[in-house]
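Letter by letter, the chains look like this.
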Amino acid sequence: MSKEVVLSGIRPTGFLHLGNYFGAMRNYVRMQDEYNCYFFVADWHSLTTHPDTKELRNSVLRVIAENIACGLDPEKVALYVQSDVPEIAELYMYLNMLAYKGELEKTTTFKEKVRLQPENVNAGLLTYPVLMAADILVHRAVKVPVGKDQEQHLEMARNFAERFNHRYGDVFPSPQAFNYGTELVKIMSLDGTGKMSKSENQMATIYLADDEELVRKKIMKAKTDSGPTEANSVKPDYIENLFTLMGLVSTPDVIEKFNTDFNNCNIRYGDFKKQLAEDMVQFLKPIREKSAAIQEDKAYLGKIISTGADKARANAAATLKAVREAMGLNYL
Ligand code: TYM
């Protein structure tokens, strides 16, 4: 039986952080052995908010390098850049005729972006979820490993796929957001005010490229309180978030110790954060070092990107052939 198709993407709008890792990349690495995987850098999407392309090249190469440094094997998966696959743009155009202004205007991320950049409410921003649907459907992917913030976009992708199938015939499967086992993940910022993000609130976000001192400083400044006063109380979300991070980087006995301390109301947040900081430093070190080495090797990166583009284009072209046939756009 052929393997299920998996697809996911990351925008090159800044440095990757623990939210990207925990919400998405960790799953990519796990999925690469079980599935037929396509992972890409969404450079077209980044133009909706970052029209200046001076930093783009470096950011794209860094995202590729960081994905490999986190364990993605470019031999096993197709790792490519969105703009190298023009078939996505063609599918985006067809899907645009099936997407309605009203539903696009209601999208949470669109409303957020309108608030953040009122001077640049461009059409690409409005149709962002359509481009994202094209990314997914061009490979007829069924599983899409993403963080919680992408849930609504996935629902829209399913709607566009269904509309297409209904109008022109069955071409697309229904793509689902994916996380191993549980709910989709949302990693909060360390000051407890929102999610970790590539470009906002940088002192409360831990980036994969942060050096040891900076990681320690950020974690020691993370929001805590004077501790629980009743045994076995529910953790406030900013404390739960720190435990989530600890779950990612610390050993089971360490996690259990601090959970027990919390439940017995004798947790010392200073010690807790010190431990978390040290474990985080150890966790990030090999990723940072490997990523830096890969970024130096431009020839290697060039080879990865070009092989990835070939793999992605071959599959995307087959889908577009089926799409044009279904639509009756095959005149030759
Ligand atoms: P982007 O670049 O914002 O984020 C990349 C991935 O990281 C996840 N993520 C988080 N997960 C948990 N906690 C956080 N604080 C956090 N911040 C980010 C995101 O959910 C995402 O999985 N629109 C997408 C890029 C994209 C895409 C696609 C994704 C374009 N086309 C097709 C999947 C399929 C985005 O902006 O992700």
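Coordinates for the structure precede this section.
Here's what I pulled together on the structure shown here.

The rules behind the values
Residues numbered from 1 in each chain as written. Predicted model: local features only at pLDDT ≥ 70, side-chain atom pairs only at ≥ 80, totals over all residues. Heavy atoms only, no water. Helix = DSSP H or I, 4+ residues; strand = E, 2+ residues; numbered from the N terminus. Polar contact = N/O pair within 3.5 Å; in protein donor to acceptor, adjacent residues only side chain to side chain. Buried < 20%, exposed > 50% of the residue type's maximum accessible area, 1.4 Å probe, protein only. Pairing = 2+ DSSP bridges. Contact = heavy atoms within 4.5 Å. Near = heavy atom within 4 Å. Nonpolar A, V, L, I, M, F, W, Y, C, P; charged D, E, K, R; others polar. Arc of directions from axis to C-beta. Axes fitted to C-alpha atoms, helices over the stretch in contact; angles between N-to-C directions. Parallel < 35°, antiparallel > 145°, perpendicular 65-115°, else oblique. Left-handed = near helix turned anticlockwise from the far one by under 90°. Salt bridge = Lys/Arg side-chain N within 4 Å of Asp/Glu carboxyl O.

## Some thoughts on the environment of lysine 298
Here's step 1: Within the element layout of this structure, lysine 298 appears in helix α14 (residues 298-327).
Here's step 2: In this structure, the C-alpha to C-alpha distance between lysine 298 and leucine 61, residues 237 residues apart in sequence, is 8.6 Å.
Here's step 3: There is a polar contact of 2.6 Å between the side chain of lysine 298 and the backbone oxygen of glutamine 295.

## Re the pairing of strand β3 (residues 78-81)
Strand residues, when the strand is regular, have side chains that alternate between the two faces of the sheet.
Here's step 1: Side chains Ala78 and Tyr80 project from β3 onto one buried face, and the interleaved Leu79 and Val81 project onto a second face that is buried too.
Here's step 2: Looking at chain direction, strand β2 (residues 36-41) and β3 are connected through four bridges and run parallel. Residue pairing across strands places phenylalanine 40 opposite tyrosine 80, the latter belonging to β3.

## Things to note about the environment of alanine 277
Here's step 1: With respect to the helices, strands and loops of the structure, alanine 277 is situated in helix α13 (residues 269-296).
Here's step 2: When its relative accessible area of 1% is taken as the criterion, alanine 277 is described as buried.
Here's step 3: If sequence neighbours within four positions are ignored, alanine 277 has contacts with Val215, Arg216 and Ile219.

## Here we look at the site of the ligand
Here's step 1: Around the ligand sit 28 residues in total, of which Arg11, Tyr128, Asp135, Asp149 and Lys198 are the nearest.
Here's step 2: Measuring from a nitrogen atom of the ligand, one finds a side-chain N or O atom of aspartate 135 at 2.7 Å.
Here's step 3: Contributions of two or more residues to the shell around the ligand are made by β1 (5-10), α1 (18-31) and α8 (128-137).
Here's step 4: Grouping the amino acids of the shell around the ligand by side-chain chemistry returns 13 nonpolar, nine polar and six charged.

## Here we look at helix α4 (residues 86-96)
Here's step 1: Looking only at α4, the buried set comprises Glu87, Ile88, Leu91, Tyr92, Tyr94 and Leu95. The buried residues of α4 occupy one face: seen down the axis, they fall within an arc of 165 degrees.
Here's step 2: Contacts made by the buried residues of α4 are with α2 (43-46), α7 (123-126), α8, α9 (151-168) and α14.

## Focus on the packing of helix α12 (residues 252-263) against α13
Here's step 1: It is at 11 Å that the axes of α12 and α13 come closest, and there the two elements cross at 160 degrees. Put simply, α12 runs roughly antiparallel to α13. Crossing handedness for the pair α12 and α13: left-handed. Taken together, the residues of α13 that come into contact with α12 (itself represented by Val254, Phe258 and Phe262) are Tyr269, Asp271, Phe272, Gln275 and Asp279.
Here's step 2: The residue makeup of the contact of α12 with α13, split by class, is five nonpolar, one polar and two charged.

## Brief notes about the side chain of serine 250
Here's step 1: Relative to the helices and strands, serine 250 resides in the loop between α11 (237-249) and α12.
Here's step 2: A polar atom in the side chain of serine 250 sits 2.7 Å from the side chain of aspartate 279.
Here's step 3: Setting aside anything within four residues of it in sequence, one finds serine 250 in contact with Ile255 and Asp279.

## Re the pattern of salt bridges
Here's step 1: Inspection of the entire model under this criterion finds 18 salt bridges.
Here's step 2: A salt bridge links lysine 195 to aspartate 149, with the nearest nitrogen and oxygen atoms 2.9 Å apart. With lysine 195 in the loop between β5 (176-178) and α10 (212-220) and aspartate 149 in the loop between β4 (143-145) and α9, this residue pair connects regions lying 46 residues apart in the sequence.
Here's step 3: The residue arginine 216 makes a salt bridge to glutamate 278 at a minimum N-O spacing of 2.7 Å. Highlighted residues: arginine 216 in helix α10 and glutamate 278 in helix α13, separated in sequence by 62 residues.
Here's step 4: Overall, glutamate 278 belongs to the partly exposed group, its relative accessible area being 31%.
Here's step 5: Through salt bridges with shared partners, a single network forms among Glu212, Glu213, Arg216, Glu278 and Arg288.

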